[in-house]
Amino acid sequence: LLGRGGMGEVYRADDLTLDQPVALKFLSGGVAADDSRLAQFHNELRTARQVSHRNVVRLYDLGEADGRRFLTMEYVDGEDLASLLRRIGRFPQERALAIARQLCAGVAAAHDRGVIHRDLKPHNVMIDGEGDVRITDFGIATAAADAGAGLAGTPQYMAPEQLTGTAASVKSDLYALGLCLFEIFTGKRAHEAKTLN
C-alpha cells in the first residue's frame, strides 16, 4: 500500500509481463458503485493519457480484478512534496528553483494539451529518487472545454472562483500552482482551510 485518498487506494505492484514495478489505483467501494464517480475514474485515464511529459506520471491502462476497477500507472519511487515539506521545511533557494521550474513545466504540458488538473497540491506532486518532479493524480482533471461548474478539488488550494462554484480554468490551476510555489519557497502553507466553510 502506497497511500489512500478520496478515490481509493494506491498499491505498488510488479508487472510480471514487462518485469517492472507499477502503481495500481483501486477505486473504493463507494466510488465503484456510483456511476458518476466511475465515469470520473474513466475520465482520469482518458484525460491523463493526453499529457506526455517527463514531469507528469504516465497512466497505462484500466483494469478489473475480482469486481474491483483499477488504473495501472507508472510507479514513482519517491516521496510526495507535502510529506517532504513537512519533513524538511522549506527548500534551499537553488533546489526550490529547480523544483519550481519542473512543476511549472509539467503544468504547462497539461495546459498545452487542453487539460486542467483541478486538484494541484503538494500531495499530488511526487519527487522521485533522482529529485525530479512528477505530477500525479489527474482524478478530477478535465479537458478545458469540458470544465463545468461545481466544486472539485482541495479547499485550501482552490481558487476563489472555484469556491463560489464557477468552472475551473487554467487560471484556477495557476492559482493552485502559486500556492504550491509559496510552500516550496517558504515551507509554510498560504492557507490552512480544511473545509469549504
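Residues numbered from 1 in each chain as written. Predicted model: local features only at pLDDT ≥ 70, side-chain atom pairs only at ≥ 80, totals over all residues. Heavy atoms only, no water.

Draft legend 1. Inspection of the sheet that holds strand 8 (residues 125–128) at higher detail. Taken together, three strands build an open sheet; the order of strands is 6-8-9 and the sheet is antiparallel. Two strands close off the open sheet at either side, each with one partner strand: strand 6 (78–80) and strand 9 (133–135). Between one strand axis and the next, the sheet turns by 30° as a mean value, whatever way the strands run. By the bridge criterion, three bridges tie strand 6 to strand 8 in an arrangement that is antiparallel. Residue pairing in the sheet places Gly-78 in a bridge with Asp-128 of strand 8. (Pairing = 2+ DSSP bridges. Helix = DSSP H or I, 4+ residues; strand = E, 2+ residues; numbered from the N terminus. Axes fitted to C-alpha atoms, helices over the stretch in contact; angles between N-to-C directions.)

Draft legend 2. Structural view of helix 6 (residues 170–186). The end-to-end C-alpha distance of helix 6 is 24 Å, a good match for the 24 Å that 17 residues give at a rise of 1.5 Å each. For helix 6, the complete set of buried residues consists of Ser-172, Asp-173, Ala-176, Leu-177, Leu-179, Cys-180, Leu-181, Glu-183 and Ile-184. Phi turns positive, to about 80°, at Gly-187, one or two residues after helix 6. (Expected span 1.5 Å × (residues − 1). Buried < 20%, exposed > 50% of the residue type's maximum accessible area, 1.4 Å probe, protein only.)

Draft legend 3. Representation of the nonpolar core in the model. Counting residues in hydrophobic clusters, the biggest one holds 21 residues, and the most contacted among them are Leu-81, Phe-91, Leu-103, Leu-120, Val-133 and Ile-184. Contributions of two or more residues to this core are made by helix 3 (81–88), helix 4 (93–112), strand 8, strand 9 and helix 6. Element by element, the count of residues in this core is highest for helix 6, at six residues. Within the second largest apolar cluster, nine residues are counted, among which are Ala-23, Leu-59, Met-73 and Met-126. (Core = buried A, V, L, I, M, F, W, Y, C linked by side-chain atoms within 4.5 Å.)

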